[in-house]
Structure formats: C-alpha cells, structure tokens
Amino acid sequence: MRHFSRITVLLFTCSVISFAAAPQTPTPAPAKKSAAAAIAADAKATPFDPALLQPTTLRAKAPAEYDVKFVTTAGEFTVKVTRAWAPNGADRFYNLVRHHFYDGAAFFRVLPGFMAQFGLSAYPEVSKVWENANIKDDPIVQSNHRGFLSFATAGPNTRTTQVFINYGNNEALDKSGFSAFAVVTEGMEVVDKLYNGYGEGAPEGHGPAQDLIGSRGRAYLEKGFPKLDTIRSATLVPGAESSAPAK
C-alpha cells in the first residue's frame, strides 16, 4: 500500500496570492508488532486456521471420550466420540474439529435412508493438502447403526477428512472396513432434515462432484447447489481438550 507524507500548504493573502509548501517531515517508523498482534494478523490473512495447511503437525491424542457440537443451517446436533471404538479415526476427527476444519463445509451427499456425508473443506487450499493425509484403518468395534459416524474411504488405509452419519442400520458397511467412531446424542432430527434434493453426486447422479468441491470449494457449491445445508461451526464441547501427542 502506498503511503504519502503530508504536505502543509500555507496560504498568504497579499496583493499577490502565493503558495509555499512547508518542509516535509519524515513519517515516524511504525512500532514493532507484539507477538500476539502478529499472530492475530496472520489469522486475519486467511479465513481458516493456518495450522490446517500442515496436516502432519496435527497429531494430538484425543480424550477417551469427547463431545462435538455442530451448528448448521438446518439446526444443531451433538455427537459423542469414543476413542476405544476407533482410535485413529477419533484422533483425526479431534484434530480437525479442534482447528475448525469443518466450519463452512457442506453436507454434499445426503441420501435418504442411507447416510449424510460431509468433510470436504470450504477452502480449496485446505482440501489440497489433506487429500493424501491418510490414516490407518481401525478394527471394527462398533457397527454402523443409525446415528453413528464413520469416515468415508476409497479403499484400505485411505481415510482423510470425509465423514458420514448413518440414517439407517447399515451393518453391511462393517464388512467393508467402515469403523464407527462416534454417535449423534442430541439433534438426530436435525440430521434427518438435511437437504437431500440433489441426490447422488456426479457422475452417478446430479449432485456435486467431489473433485470440483475440492478444487473450487464453497464457490462451486454456492453457484450450482445453493440449497445444500452447511456447517456453520463444529466445536469441541468445553472439557474435551488434550495436548498429548498421538502414539
């Protein structure tokens, strides 16, 4: 940004009007920003937590149990995560929520009687760095019953950030390695009313294409699929904090 020194113009009224410019005074050097101010400035530079651009550093170990509150365009609901059900999945979800990964994300694949899927970032630069940030599979401990959450996969050991909430009792998914790690404890009626009018995603259906959500983010969804419900915030319920590194 350009900065201009002030020039004081003195006006003299005589028989002849003349203008004289006062000597320019150097602008004082700006005071150095405090560390807190610098951090605040960095946070304002991007609409998301900058830590999300470094997946390998987000490895805090989750508590044995913790709750997450979702505030969405359809209403609010709460899920309880139990680490013993799927430790790797619980740790990944904890770190994503802790750094507000899901804020602004859409429920982009909602299939009545089956499930509601979310977990692609509203910001392409964030989606890009998490695309291959895979975690290892967890053994099946808890089944995919109604209201339970599991990570989506593209094959063995490919879980990253996408999650789905089961609408039906989908025990058949257990055999394919979808390990449930959490359950909706309040507000399942909100999950039930998430917008499902677009159906299956492209190319199988008329819903949004996952690759385009990843590369274009929120702008792509707002333009082509404006009725989708979104997550305004997903936050840890107070008391669900831990800083121990994951094993």
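Placed above this text is the structure.
Owing to the predicted nature of the structure, the values given are computational and were not obtained by experimental measurement.

Calculation notes
- Residues numbered from 1 in each chain as written.
- Predicted model: local features only at pLDDT ≥ 70, side-chain atom pairs only at ≥ 80, totals over all residues.
- Heavy atoms only, no water.
- Core = buried A, V, L, I, M, F, W, Y, C linked by side-chain atoms within 4.5 Å.
- Buried < 20%, exposed > 50% of the residue type's maximum accessible area, 1.4 Å probe, protein only.
- Helix = DSSP H or I, 4+ residues; strand = E, 2+ residues; numbered from the N terminus.
- Expected span 1.5 Å × (residues − 1).
- Pairing = 2+ DSSP bridges.
- Axes fitted to C-alpha atoms, helices over the stretch in contact; angles between N-to-C directions.

> Residue-level account of the nonpolar core, with values.
Counting 44 residues, the largest nonpolar core has Tyr66, Val68, Phe70, Phe77, Phe93, Tyr102 and Phe181 as the members making the most contacts within it. The element contributing the most residues to this core is helix 2 (residues 87-98), with five residues. If you look at the next biggest cluster of nonpolar residues, it comprises ten residues, including Ala106, Tyr220, Leu221 and Phe225.

> Before we move on, could you go through helix 2 and cite the residues and values that matter?
With twelve residues, helix 2 should cover 16 Å at 1.5 Å per step; its first-to-last C-alpha distance of 16 Å lies within 8% of that length. Most of helix 2 sits out of view: nine of its twelve residues are buried. Considered for burial, the residues of helix 2 that qualify are Gly89, Ala90, Asp91, Arg92, Phe93, Tyr94, Asn95, Leu96 and Val97. Positive phi appears at His100, one or two residues downstream of helix 2, with a value of about 60°.

> Tell me about the pairing of strand 7 (residues 148-151), residues and numbers included.
Of the two faces of strand 7, the one holding Phe148 and Ser150 and the one holding Leu149 and Phe151 are both buried throughout. The sheet contact formed by strand 7 and strand 9 (residues 180-186) spans three bridges and is antiparallel. If you follow Leu149 over to strand 9, its bridge partner there is Ala182. Direction of pairing for strand 7 relative to strand 8 (residues 163-166): antiparallel, over a ladder of three bridges. For Leu149, the partnering residue across the bridge sits in strand 8 and is Ile165.

> Describe the sheet that holds strand 8, with residues and values.
Taken together, the eight strands give an open sheet; going across it, the order is 5-6-8-7-9-4-3-10, and neighbouring strands pair in antiparallel fashion. Strands with a single pairing partner mark the edges of an open sheet, and in this sheet they are strand 5 (109-111) and strand 10 (231-236). Averaged over all adjacent pairs, the angle separating strand axes in this sheet is 25°, with direction ignored. By the bridge criterion, four bridges tie strand 6 (residues 115-118) to strand 8 in an arrangement that is antiparallel. Across the sheet, Met115 pairs through a bridge with Asn166, a residue of strand 8.

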